[in-house]
Amino acid sequence: MGISETYSRGRQLAVERPFVLVVAGIVALLGFDIVRQLATPGGVSTAQLATYLWDGLVVGLSIGLAGVGLSMTYSILNFANFGHGDYVTSGAFAGWAVTWLFAGVGQFDLSTLLFIGSVSTRDLGVSAFATPLAIVAGLIVAAVAAIVLSLVIDRLVYKPMRDQEGIALLIASIGVALALRYTIYIVFGQRTRGLTDAQSVPEVAFPIGGGQTLALGGHEITLVVIAAALMLGVHLLLQTTKLGKAMRAMADNEDLARVTGIPTERVVRFTWIIGGGLAGAGGFLIALERGAMNFQFGWVLLLLIFAAVILGGIGSIYGAMFGGITMGLAQSLSLVWIPSEFSTVAAFGVMIFVLLFKPEGLFSGVTTA
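Residues numbered from 1 in each chain as written. Predicted model: local features only at pLDDT ≥ 70, side-chain atom pairs only at ≥ 80, totals over all residues. Heavy atoms only, no water.

### Here we look at the overall build of the protein chain
Across its full length, the protein chain holds 15 helices and four strands. Within the protein chain, contacts between residues at least 6 apart in sequence are counted, and of these 73% link residues at least 24 apart. Accessible surface, the protein chain: about 17,500 Å² in total, of which carbon and sulfur atoms supply 66%. (Helix = DSSP H or I, 4+ residues; strand = E, 2+ residues; numbered from the N terminus. Contact = heavy atoms within 4.5 Å. Areas by Shrake-Rupley, 256 points an atom, 1.4 Å probe, with all protein chains shown as cover.)

So, in structure tokens, the structure goes:
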């Protein structure tokens, strides 16, 4: 390739895709500053930077996992489900209840475990390593409970409104969110519920060179492994199964999918099953990693979940995955330059910046496929 051709291609890229050049320039400047700080005494250390990257990956995968279900709902049913955050909460509480029942059976009675709250996490010693069967049971029940809940709500609320405009469904979903949230509040109260005992969770020291190590929490590793496996499973389902092809076809053109004989109502049902299951599992995994949750747990997360979905390109499942990781890394890496109080602001700042140049999101044009 000659110099003139290289120059011509560079000019074409600058004209047609300035977003790429702007982002590349900013990333290069930030990368240079991180290298400078690593080399400067008193600057960020290698262990600190590795911790920020790991924490960002943990947060990003949790947000991305919860965002996949929201994105699937939008791409196939064409409405933003504001009740999704409370599916996350419902799954987390269902998993918490079953986990504590498994861990406390034979030691405490039902009312003491679930309602009175006189038992602490230290009394039960719950963790993925001390009580693995209780955690596995909680994860399964969290997913199943969210699936059942999403199917029931679809049958009672959304199915009769299937032919309505998206705004009607959106408002209905806000009502569903409020009903679910305050049902949880009535049953479990407003105080924060502990799920695991931090003292029972081991840490893995991962060497990163220079005599420094990165401490990886056991529940963080659990979240990363399971979330990555579930995302891979969604990818394989969409790309290799008949159901996945039907879902992609319906996301592209529902009317054409119906004419060609695709059972659209069955696809909708499986959309709720997959989306609800991921929301419930994601809620339980996030609660497991954090160690606690309350009745507003999913509602607070919903803003970050929506931001990740919009950043990746609303309606794109892969966009939700990548958007979640981007938001998590931006939130965590911002601590290199700003106080922790502003880290969430930095993550939303990255989203706004990207959308200024690419309003349709990073994975624009890529829906369920």
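### Remarks on the side chain of T196
Structurally, T196 can be placed in the loop between β1 (193-194) and β2 (203-209). The exposure class assigned to T196 is buried, which follows from its relative accessible area of 9%. (Buried < 20%, exposed > 50% of the residue type's maximum accessible area, 1.4 Å probe, protein only.)

### Some words on the pattern of salt bridges
Counted according to the given criterion, the structure contains one salt bridge. Ionic pairing is found between R181 and D86, a salt bridge with its closest N-O pair at 3.2 Å. Remark: D86 occurs in helix α4 (residues 84-104) and R181 occurs in helix α8 (residues 166-188); sequence separation between them is 95 residues. Comparing R181 with D86 shows no difference in burial state: the two are buried. (Salt bridge = Lys/Arg side-chain N within 4 Å of Asp/Glu carboxyl O.)

### Some words on empty space enclosed by the protein
To find leftover empty space, a probe the size of one water molecule is rolled over the atoms. Per the counting criterion, the structure on display carries one cavity of 30 Å³ or more. Of the pockets and cavities examined, the largest cavity occupies roughly 30 Å³. As for the largest cavity, its lining consists of L70, S71, Y74, F79, A80, F306, V309 and I314. Put simply, the parts of the chain that give the lining of the largest cavity at least two residues each are α3 (46-77) and α13 (297-312). Take the lining of the largest cavity: its biggest share by element is three residues, from α3. Considering only residue class, the lining of the largest cavity consists of seven nonpolar, one polar and no charged. (1 Å grid on protein atoms, 1.4 Å probe; cavity = no way out; pocket = protein on both sides within 12 Å on 5 of 7 lines; lining within 4 Å. Points joined across faces, edges and corners; volume = space filled by probe spheres on them. Nonpolar A, V, L, I, M, F, W, Y, C, P; charged D, E, K, R; others polar.)

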